[in-house]
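A look at the structure
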Amino acid sequence: MENKRGDGINPAKRPLIPAAIETGFGNKRPLWRRFLAQRHLQTMALLGVVWMIIFNYIPMYSIIIAFKEYNIVKSISEAPWVGLTHFREFLADDNFGNVMKNTLGISLIKLFVGFPLPIIFALFLNEVRSIRYKKTIQTISYLPHFLSWVVLGGILATWLADVGIINHILMGLHLIDQPITFLAEPKYFWTIIITSDIWKELGWSAIIYLAAIAGVSPEMYEAATIDGAGRFQKMWYVTLPSIKSTISILFILAVGGVMNSNFDQILVLRNSLNDSRSNVIDYYVYQTGLLSARFSYSAAIGLFKSVIALILLLIANRVTKKINDTSLF
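These lines cover the structure that appears in this document, whether it is placed above or below. Note that the structure is predicted; figures quoted are calculated from it, not measured.

1. Re the packing of aromatic side chains
In total, this model carries 15 aromatic pairs according to the counting rule given. With a centroid separation of 5.5 Å and 40° between ring planes, the pair formed by Trp51 and Phe55 is classed as tilted. Note that Trp51 and Phe55 are positioned in helix H3 (residues 39-57) at a spacing of 4 residues, about one turn of the helix. This pair shows no difference in class: Trp51 is exposed, exactly as Phe55 is. An angle of 85° between the planes, with centres 5.0 Å apart, marks the rings of Phe90 and Phe96 as edge-to-face. Chaining the aromatic ring pairs together yields one cluster made of Phe90, Phe96, Tyr284, Tyr297 and Phe304. The ring of Tyr283 has Arg270 lying over it, and the distance from NZ or CZ to the ring centre is 4.1 Å. Above the plane of the ring of Trp190 lies Arg277, whose end atom (NZ or CZ) is 4.0 Å from the centre.

2. Topic: the packing of helix H17 (residues 281-291) against helix H18 (residues 295-324)
Close contact between H17 and H18 brings their axes to 8 Å; oriented N to C, the two are set at 165°. When the interaxial angle is binned, H17 and H18 end up roughly antiparallel. Read as a crossing pair, H17 and H18 show a hand that is left-handed. On H18, the residues that touch Ile281, Asp282, Tyr284, Val285, Thr288 and Gly289 of H17 are Phe295, Tyr297, Ser298, Ile301, Gly302 and Lys305. Broken down by class, the residue content of the contact of H17 with H18 amounts to 6 nonpolar, 4 polar and 2 charged.

3. Looking at unusual backbone geometry
The phi angle at His174 is positive, at roughly 60°, despite the residue not being glycine. Take His174: it is sitting in the loop between helix H9 (165-172) and helix H10 (189-205). The phi dihedral of Ala293 is positive, around 60°, even though this residue is not glycine. As for its position among the elements, Ala293 is in the loop between H17 and H18.

4. What about the pattern of salt bridges?
Per the stated rule, a full pass over the model turns up 7 salt bridges. Notably, a salt bridge pairs Lys110 with Asp197, separated by 4.0 Å at the nearest N-O pair. Highlighted residues: Lys110 in helix H5 (residues 96-114) and Asp197 in helix H10, separated in sequence by 87 residues. Owing to a relative accessible area of 14%, Lys110 belongs among the buried residues under this scheme. In this structure, Lys305 and Asp282 form a salt bridge, with 2.8 Å as the shortest nitrogen-oxygen distance. With Lys305 in helix H18 and Asp282 in helix H17, this residue pair connects regions lying 23 residues apart in the sequence. In this structure Asp282 comes out as buried when scored by relative accessible area, which is 14%. Here the salt bridges do not stand alone but share partners, grouping Glu127, Arg129 and Arg231 into one network.

Here is what the cut-offs are and how they apply
- Residues numbered from 1 in each chain as written.
- Predicted model: local features only at pLDDT ≥ 70, side-chain atom pairs only at ≥ 80, totals over all residues.
- Heavy atoms only, no water.
- Phe/Tyr/Trp six-rings, centres within 6.5 Å; stacked < 30°, edge-to-face > 60°.
- Helix = DSSP H or I, 4+ residues; strand = E, 2+ residues; numbered from the N terminus.
- Buried < 20%, exposed > 50% of the residue type's maximum accessible area, 1.4 Å probe, protein only.
- Lys NZ or Arg CZ within 6 Å of the ring centre and 35° of its normal.
- Axes fitted to C-alpha atoms, helices over the stretch in contact; angles between N-to-C directions.
- Parallel < 35°, antiparallel > 145°, perpendicular 65-115°, else oblique.
- Left-handed = near helix turned anticlockwise from the far one by under 90°.
- Contact = heavy atoms within 4.5 Å.
- Nonpolar A, V, L, I, M, F, W, Y, C, P; charged D, E, K, R; others polar.
- Salt bridge = Lys/Arg side-chain N within 4 Å of Asp/Glu carboxyl O.

What follows is the structure, encoded as structure tokens:
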């Protein structure tokens, strides 16, 4: 049989190769044909794009009220321009120093304490040889993530009350003589917020590291074993270097979220007694924007927070790119 392609291979014996592979990545088919061939995947992706446009991009038009004196009775276009007045007002606000201190204090401690813990947890969990024991630990550590802060807030409020289990344990160990109402004492608030956040998200945050560790080649561990490396040496010289790109990406994202203090958690655990340590930017925006109806002022605070977060994200991205050549963009 004549071979019309001129490659010397009988067409009857030619292996069945998918068209996408045979033609290579430089597919010359029209865009609409490729879209039609991938219509199911493209539809799924399109739904996500539509969601982002509706809930993330269209609302960005309202950012301009930060530069206007917006009144709910009038439309945004009718509101008069005031320039940077609201930004200057926030910087001169008596609450500015306390709000920034609480926001950065809670977030930075969460970053430097809470960020490494899931990595350490994933490393040690990866060394567990018993599959049943490993799955049990994973299940227990994941469970708090699936409970909302409304539920966990009620649980913590009960545990931390003067008649709660925490006081009973501390008094039983003779660490304290009198019960402490923890949520009424401002000095304990940061510790409660940071500890409860780590407890809730530790197992869930470790999932992506466990997935990255699962992708490390077993041959590298075998070579390390032949060289006489122990378990901790394998963690340090094999596992960690192999997942450093994952750690870098998640670190960049964590730095970008430094200005966020988990509003849900703060809202359910704060009260008037611990206000001096719980008044963060997110709650201050809620308080001034919704409770006091100062929409333009709260929009200016939110935009200020977003600009600072963007700057931190760019700095973290630049630093990680220089250190290990890993970055988001």
